[in-house]
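Tertiary structure, described
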Amino acid sequence: MDEEPEIAKRWEGGYERTWEVLKEDESGSLKATVEDILFQSKRKRVIESHGQVRLGMMRHLFVVVDTSRTMDDHDLKPNRLTSTLKLLEFFVDEYFDQNPISQIGIITTQNKRAQKLTDLSGNPKKHITALKKAVDTTCIGEPSLYNSINLAMQTLKHMPGHTSREILIVLSSLTTCDPANINELVKTLQGLKIRVSVIGLSAEVRVCTVLTRDTGGSYNVILDECHFRELLMLHVKPPPASTSSECSLIRMGFPQHIIATMSEQDAKPSFSMAHLDSTGGPGLGFGGYYCPQCRAKYTELPVECKVCGLTLVSAPHLARSFHHLFPLDAFQESPLEELTGERFCQACQGQLKDQSVFTCPVCRTVFCVECDLFIHDTLHCCPSCIHNQGMS
Amino acid sequence: MKLNIEGLLVYFPYDYIYPEQYSYMLELKRTLDAKGHGVLEMPSGTGKTISLLSLIVAYQRAHPLEVTKLVYCSRTVPEIEKVVEELRKLIEFYAKETGKTNNFLALALSSRKNLCVHPEVSSLRFGKEVDGKCHSLTASYMRAQRQSDPSLPSCCFYEEFDAVGRQVPVSAGVYNLDDLKDYGRRKGWCPYYLARYSILHANIIVYSYHYLLDPKIADLVSKELSKKSVVVFDEAHNIDSVCIDSMSVNITRRTLDRCQLNVDTLQSTIQRIKETDAAKLKEEYRQLLEGLKEASVARETDVFLSNPVLPDEILQEAVPGSIRTAEHFIGFLKRFLEYLKSRLRTHHVVQESAPQFLKDIFEKVCIDRKPMRFCAERLHSLLRTLEIADVADFSAITLISHFATLVSTYSKGFTIIIEPFEDKTPTIANPVLHFSCMDASIAIKPVFERFQTVIITSGTLSPLDIYPRILDFRPVTMASFTMTLARTCLCPLIVGRGNDQVALSSKFETREDFAVIRNYGNLLLEMSAIVPDGIVAFFTSYVYMENIVASWYEQGILENVQRNKLIFIETPDAAETSMALEKYQEACENGRGAILLSVARGKVSEGIDFVHHYGRAVIMFGVPYVYTQSRILKARLEYLRDQFQIRENDFLTFDAMRHAAQCVGRVIRGKTDYGLMIFADKRYARADKRGKLPRWIQEQITDSSLNLSIDETIQLSKHFLRQMAQPFKRVRTCPQHTLSPTCLHSTNTLNMLSVEEMMPKYTGCGGKK
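Here the structure is a predicted model, which means the values were calculated and not measured.

**Some thoughts on the overall build of chain B**
Along its length, chain B carries 34 helices and 21 strands. By sequence separation, contacts in chain B at least 24 residues apart represent 79% of the contacts at least 6 residues apart. Total accessible area computed for chain B in this model is approximately 31500 Å², and 53% of it derives from carbon and sulfur atoms.

In structure tokens:
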């Protein structure tokens, strides 16, 4: 497995100027810059809280992965394809973590064609397996923007109007081979309210600028792997819903997890409905989630009931989606010198050593960088505020 | 916003101003104050035109007696239109700010082809046809004939204009070519003659160089412009070539054959008229005794723009008796023609000066210098007398007559070269007589002498000091302004060697070298893989391009390139090229990507802009030296050395570098634009070449980008393109890049500016030493 392809030898790769990032300070030491780079990379997450706006919480997203010739390039390690797929695995995880009631599908494009890797579904495992398998794809030919968007559009246009329809394209090539005029397609996309975003791996391509501008998506070009990861993470947050999208109430079921064991009298093993059409996994077992409407059994949530079409979620899923609507305000950054009083982080109780500290604007509690990141990325609420609420 | 430029209130139609625009205006105002000439260089895309216009208009309003007119000369029709649009914005801003309509008249002027509204005439395709047809409808004797015979065709637009158009001046406003046409259609007046008439009282005229520099046209159009005008030559980096071209004559065997036909027609016409209307010829004879004196009277009353073709002393004299009658003149022309034919029959190259030529012609066919000098005037008069309708047919004989006048008038600054065949095809006889002007100052001299302020400006004028020398004038200001950038949006890289360490160069010794060609191919291939959308590549000549592209094709490089991008090639054929350009832009637009292979000094390198995605990179294969074996060039170099003390090498390098700068400058057309500039020749790294690039490009060349290999170039380009693709927001509040009215009035910024402004001045003068 560890056998790297011949070409991936370091000395055969491109010529890089890694030292140019480093700068000496007045005393000629590199230490300060290194620390600064580390600090910056920690702080790099972008907080763009959009306040109280409607968000498209139920998302249908197609990720298009370019697997054309250019993906063999070694400017991302070990090559663009492997790096992209690794990051996408991570992305899929994050995506379902943050958007439990949404779905995702993956399309690859090469050799002027587009191919569906996985269909739209809410099951992260399936996608991740597919992505892992795709590492061995040979990268050939040119990608086709038109074909891949068209393929995604065929599925997305049947999705209900209250959900947000999105396409995210990871494009490495600078050229596209299209069977027809892509500008016509952009008009169709506009009509269907499909938002197309592009992450470019090499440079700014005009046609993508037009595509994303006209469909209301975003267009970014990566600088390096870290930046790539950040740009992907920007797409984890649900986008603001367009005002014209329909609103409707959605029926949802909250099935309880019932655990049965062999020892119980009336316990009979049963098949999970989710396994009916997939070959992987035995699917036969005790216990699971039972649809409150039709009693069909599922082993994983969230899922759409195959029998009665009810959306099945668990309460924590909804709660996690909920935080997007009320994001936690960014903490104020201030230098350490200005801090009076105890120099301890209120969360981890560690000593504050970095040059800046972060203060919650509501309860004025002080946190360190790591805890600030943890609170905003994972907890989504200030522990100190919650604590105070409990007190009063 | 309103600006205070050393006590002059300038209205500027935008909310912010770049520091370099401010400095440019300061420099311009000083030039106007000193009533002298100026040479100013500022990169394109920094708002040069609007700075010029707003300052000069403000100056005109503040000192209406000192500056009466602005004559703005540009190169092409689209450029003229752009200037008029900027002007319109400015005048509207004036109206809005001052609250009253001002009686400002500004108009564009172009050829009949662009202005004609006559349904039949305007549908003709070529400029010459339109001119000829128009002439046949509107010439004074044609109109006189019509009075006796109303059935003859006429141009109703001209008739209408002639009847009433001259009494009422055109209402104030800004007119571009389409506006003039609309106005003409509405009133039923001829827009061309209306425009030509109206430039007399217009405040601003926008037209092409030729109306001032080409003696044949300048005499007709720009004769009566007042001395207190300000003349601006925009995009003037090639002004010396324009001057030279306007004074040079090339005669081929075909010209002579057509000339022979013309003479025959003239002879038969004269014969016919003699039988029917001998009095007319008598009248002409009498006029010729007096005629030229009348012109001299007109010249004295006001200093007209003097015509370099016709020196003053000629006007004092009567037309010499030997060519005064029509038959004698025809005889004279015939002898002259025969002489030229015999000269073209030579089998070896001849180069001689004008006096030598005159001596030879006197010995061989007994033609004196004096009648030759009157040849052009005499022919003109004859054509008028004979009432020839279509002057276009007589272009050959007109050309010959101009040649005769020029060769006998100027003893210095010209050379005659007769080549029996082209250098490329030494077996095919194709004799050409080049009568070549070597001194650019001859054509432009009247302009400098006549107008109180002449501004020469362009994005690429470096090195500044050479222009005053070759144009022979003394500027009061010379300055080069750089571009303040919010981000480094241009990335000049000098590629000196291939990955195999072979030095890249287009110099003569290595130009056939297989390794160099292959490395050039690799460079193009690798660039095509990493640069998005459009790439423009320039070669030094068509021949060189053909060789290289053929070789690339054999090596399979083109095939590989085509996987990344489509390839388009510029050809000498204008129609083909514009077709290629159109398709090129389409390919850039829809994401396929394209490469345009073109030639320095070609149409693409001069007039076409590659904004944004139409040009993300430009590759300059080699240094575009002019073909040095050309005899015309050799003669000119010799002349420059003897007359202006400019060394051959200096001039050649200057000429090559200004064309290189023009080529690479095609990609950056503004501050939001970005592009790579790849100089693929190791000679660019040398200080004498690099130092001749415009300052705004030079500033971006770091020591580390001087002698790169292809690999390194690719890495740097990749990095640059990724950086540039990051979202870019113009920081309007930042005083370093843009100035708002508030920060402009703070003394702090003004101090900063004055320092910045002094710097270019020093560099400008520094180069002079």
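**As for the overall build of chain A**
Of regular secondary structure, chain A possesses 10 helices and 17 strands. Per-residue burial over chain A gives 43% buried out of 392 residues. Here chain A displays about 21000 Å² of accessible surface, and carbon together with sulfur accounts for 55% of that area.

**Side note on unusual backbone geometry**
At Lys112 of chain A, a position not held by glycine, the phi torsion is positive, near 70°. The exposure class assigned to Lys112 of chain A is partly exposed, which follows from its relative accessible area of 40%. The backbone phi angle of Arg601 of chain B is positive, close to 75°, even though this residue is not glycine. On the secondary structure map, Arg601 of chain B appears in the loop between strand S18 (594-599) and helix H27 (603-607).

**With respect to the packing of aromatic side chains**
Residue and element names in this part refer to chain B. Here the structure, examined in full by the defined rule, presents 36 aromatic pairs over all chains. Aromatic side chains Tyr207 and Tyr211 sit 5.0 Å apart centroid to centroid with 35° between the ring planes, which places their arrangement in the tilted category. Accessibility expressed as a relative area gives 9% for Tyr211, which makes it buried. Through a chain of ring-to-ring contacts, the aromatic side chains of Phe336, Tyr339, Phe357, Phe403, Tyr410, Phe414 and Phe435 assemble into a single cluster. Just above the ring of Tyr674 sits the side chain of Arg616; from NZ or CZ to the centre is 3.9 Å. One Lys or Arg, Lys671, reaches over the ring of Tyr18 and ends 3.4 Å from the middle of that ring.

**Quick look at the pairing of strand S2 (residues 103-110) of chain A**
Residues and elements named next belong to chain A. Across the eight residues that make up S2, a large majority, eight, are buried. Neither face of S2 is left uncovered, since the one carrying Gln103, Gly105, Ile107 and Thr109 and the one carrying Ile104, Ile106, Thr108 and Gln110 both have all their residues buried. The pairing of strand S1 (residues 59-66) with S2 spans seven bridges and is classified as parallel. Counted as the bridge partner of Val64 is Ile107 from S2. Note that the unit made of S1, helix H2 (residues 80-98) and S2 has a crossover that is right-handed. Alignment of S2 against strand S3 (residues 113-121), held across six bridges, turns out to be antiparallel.

**Details of the sheet that holds strand S13 (residues 453-458) of chain B**
Residue and element names in this part refer to chain B. Read across the sheet, eight strands follow the order S6-S5-S7-S4-S8-S13-S3-S14 without closing on themselves; strand pairing throughout is parallel. Where the open sheet ends on each side, the last strands, each with one partner, are strand S6 (173-175) and strand S14 (475-480). In this sheet, adjacent strand axes meet at a mean angle of 10° when their direction is disregarded. Here three bridges tie strand S5 (residues 105-108) to strand S7 (residues 204-208), and the two strands are oriented parallel to one another. Directly across from Leu107, in S7, lies its bridge partner Ile205. Along the sheet, helix H21 (residues 441-450) makes contact with strand S3 (37-41), strand S8 (229-233) and S13, crossing S13 at roughly 125°.

**Brief notes about the confidence of the model for chain B**
Residue and element names in this part refer to chain B. Overall, the predicted model of chain B reaches an average pLDDT of 83, with 90% of residues at or above 70. Predicted confidence is poor over residues 296-308, with pLDDT under 50, and the contacts of this stretch with residues over four places away or in other chains come to 28 contacts. This stretch, residues 746-769, has a pLDDT under 50; its non-local contacts, to residues over four places away or in other chains, come to 32 contacts. Scored by ipTM, the complex comes to 0.77, with pTM at 0.82.

**Comments concerning the pattern of salt bridges**
Going through the model one piece at a time under the given rule, you end up with 51 salt bridges over all chains. With a shortest N-O distance of 2.8 Å, Arg30 of chain B and Glu6 of chain B are connected by a salt bridge. One end of the pair, Arg30 of chain B, is in helix H1 (residues 19-34); the other, Glu6 of chain B, is in the loop between strand S1 (2-5) and strand S2 (8-11), and 24 residues separate them in sequence. Notably, a salt bridge pairs Arg636 of chain B with Asp240 of chain B, separated by 3.4 Å at the nearest N-O pair. Taken as a pair, Arg636 of chain B in helix H28 (residues 631-644) and Asp240 of chain B in helix H12 (residues 239-247) lie far apart in primary sequence, 396 residues in all. Within the structure, one salt-bridge network assembled from shared partners comprises Asp73, Asp75 and Arg80 of chain A together with Lys718 and Arg722 of chain B.

**A few points about the environment of Ser598 of chain B**
Here Ser598 of chain B is to be found in strand S18. Between the C-alpha atom of Ser598 of chain B and that of Pro420 of chain B, which follows or precedes it by 178 residues, the distance is 30 Å.

**Some details on the sheet that holds strand S8 (residues 257-258) of chain A**
Sheet strands pair via backbone hydrogen bonds, and the direction of the pair is either parallel or antiparallel. Residue and element names in this part refer to chain A. Overall, antiparallel pairing links the three strands, which are arranged S8-S11-S12 in an open sheet. With partners counted over all chains shown, the strands left at the sheet margins are S8 and strand S12 (297-298), one partner each. The pairing of strand S11 (residues 288-290) with S12 spans two bridges and is antiparallel. In the strand pairing of S12, Tyr290 is matched with Lys297.

**Quick look at the nonpolar core**
Among the nonpolar cores identified, the biggest contains 172 residues, and Tyr207, Phe233 and Phe403 of chain B are the most heavily contacted of them. Beyond its immediate sequence surroundings of up to four residues, Phe403 of chain B is in contact with Val249, Ile251, Phe336, Leu340, Phe357, Leu433 and Phe435 of chain B. Within the second largest apolar cluster, 110 residues are counted, among which are Phe62, Leu145 and Ile167 of chain A together with Tyr674 of chain B.

**Focus on the environment of Val67 of chain B**
You can see Val67 of chain B is positioned in the loop between helix H2 (48-62) and strand S4 (69-74). Linking Val67 of chain B and Gln715 of chain B, residues 648 residues apart in sequence, is a C-alpha distance of 54 Å.

**Side note on the interface of chain A and chain B**
Taken together, the 24 residues of chain A in the interface contact 27 residues of chain B. At the boundary of chain A with chain B, total buried surface from both sides reaches about 2300 Å², with 46% on carbon and sulfur atoms. Scanning the region where chain A abuts chain B turns up five salt bridges. Summed over the shared surface of chain A and chain B, the number is nine residue pairs in polar contact (both at pLDDT 80 or more). Each residue belonging to the side of chain A that touches chain B can be placed in one class, and the counts come to nine nonpolar, five polar and 10 charged.

**Some remarks on the side chain of Glu419 of chain B**
Structurally, Glu419 of chain B can be placed in strand S11 (residues 414-419). At a separation of 2.6 Å, a polar atom in the side chain of Glu419 of chain B contacts the side chain of Arg631 of chain B.

**Quick word on the packing of helix H23 (residues 514-530) of chain B against helix H24 (residues 542-555) of chain B**
Residue and element names in this part refer to chain B. Remark: H23 packs on H24, axes separated minimally by 10 Å, with the N-to-C direction vectors making an angle of 80°. By the criterion of interaxial angle, the relationship of H23 to H24 is roughly perpendicular. Across the interface between the two elements, Phe514, Ile517, Arg518, Tyr520, Gly521 and Leu524 of H23 pack against Tyr544, Ile548, Ser551, Trp552 and Gln555 of H24. In terms of residue class, the contact of H23 with H24 is made up of seven nonpolar, three polar and one charged.

**Regarding the pairing of strand S16 (residues 356-359) of chain A**
Residue and element names in this part refer to chain A. The side-chain alternation of S16 yields two buried faces, one formed by Ser356 and Phe358 and the other by Val357 and Thr359. The sheet contact formed by strand S15 (residues 332-335) and S16 spans four bridges and is antiparallel. Paired with Glu333 across the strands is Phe358, a residue of S16. Where S16 meets strand S17 (residues 366-367), two bridges bridge the pair, whose relative direction is antiparallel. Along S17, the bridge assignment pairs Phe358 with Phe367. Counting the residues in the hairpin turn of S16 and S17 gives six residues, including Arg364, whose phi is positive at 60°.

**Considering the side chain of Glu570 of chain B**
Residues and elements named next belong to chain B. Secondary-structure assignment places Glu570 in the loop between strand S17 (566-569) and helix H26 (574-589). Lacking a salt bridge, the buried Glu570 has Lys603 as its closest oppositely charged neighbour, with an N-O distance of 7.2 Å. In terms of polar contacts, Glu570 uses its side chain to reach the backbone amide nitrogen of Lys603, at 3.1 Å. The contacts of Glu570, once residues within four sequence positions are left out, are Tyr542, Met545, Thr577, Leu597, Ser598, Val599, Gly602, Lys603 and Val604.

**Describing H2 of chain B**
Across its 15 residues, H2 of chain B extends 21 Å between first and last C-alpha, which sits within 8% of the 21 Å expected from 1.5 Å per residue. With 13 of 15 residues buried, H2 of chain B is to be regarded as a mostly interior element.

**Some thoughts on the state of the cysteines**
Residues and elements named next belong to chain B. Following the criterion strictly, the structure yields zero disulfides over all chains and no others. We note that Cys155 lacks a disulfide partner, and the nearest cysteine sulfur, in Cys156, lies 5.7 Å from it. Its relative accessible area of 8% is what places Cys155 among the buried residues.

Here is what the cut-offs are and how they apply
- Residues numbered from 1 in each chain as written.
- Chains lettered and ligands numbered in written order.
- Predicted model: local features only at pLDDT ≥ 70, side-chain atom pairs only at ≥ 80, totals over all residues.
- Heavy atoms only, no water.
- Helix = DSSP H or I, 4+ residues; strand = E, 2+ residues; numbered from the N terminus.
- Contact = heavy atoms within 4.5 Å.
- Areas by Shrake-Rupley, 256 points an atom, 1.4 Å probe, with all protein chains shown as cover.
- Buried < 20%, exposed > 50% of the residue type's maximum accessible area, 1.4 Å probe, protein only.
- Phe/Tyr/Trp six-rings, centres within 6.5 Å; stacked < 30°, edge-to-face > 60°.
- Lys NZ or Arg CZ within 6 Å of the ring centre and 35° of its normal.
- Pairing = 2+ DSSP bridges.
- Right-handed = clockwise from strand over helix to strand, strands pointing away.
- Axes fitted to C-alpha atoms, helices over the stretch in contact; angles between N-to-C directions.
- pLDDT = per-residue confidence, 0-100.
- Salt bridge = Lys/Arg side-chain N within 4 Å of Asp/Glu carboxyl O.
- Core = buried A, V, L, I, M, F, W, Y, C linked by side-chain atoms within 4.5 Å.
- Buried area = accessible area lost by both parts, 1.4 Å probe.
- Polar contact = N/O pair within 3.5 Å; in protein donor to acceptor, adjacent residues only side chain to side chain.
- Nonpolar A, V, L, I, M, F, W, Y, C, P; charged D, E, K, R; others polar.
- Parallel < 35°, antiparallel > 145°, perpendicular 65-115°, else oblique.
- Lys, Arg positive; Asp, Glu negative; His and termini not counted.
- Expected span 1.5 Å × (residues − 1).
- Disulfide = S-S within 2.5 Å.

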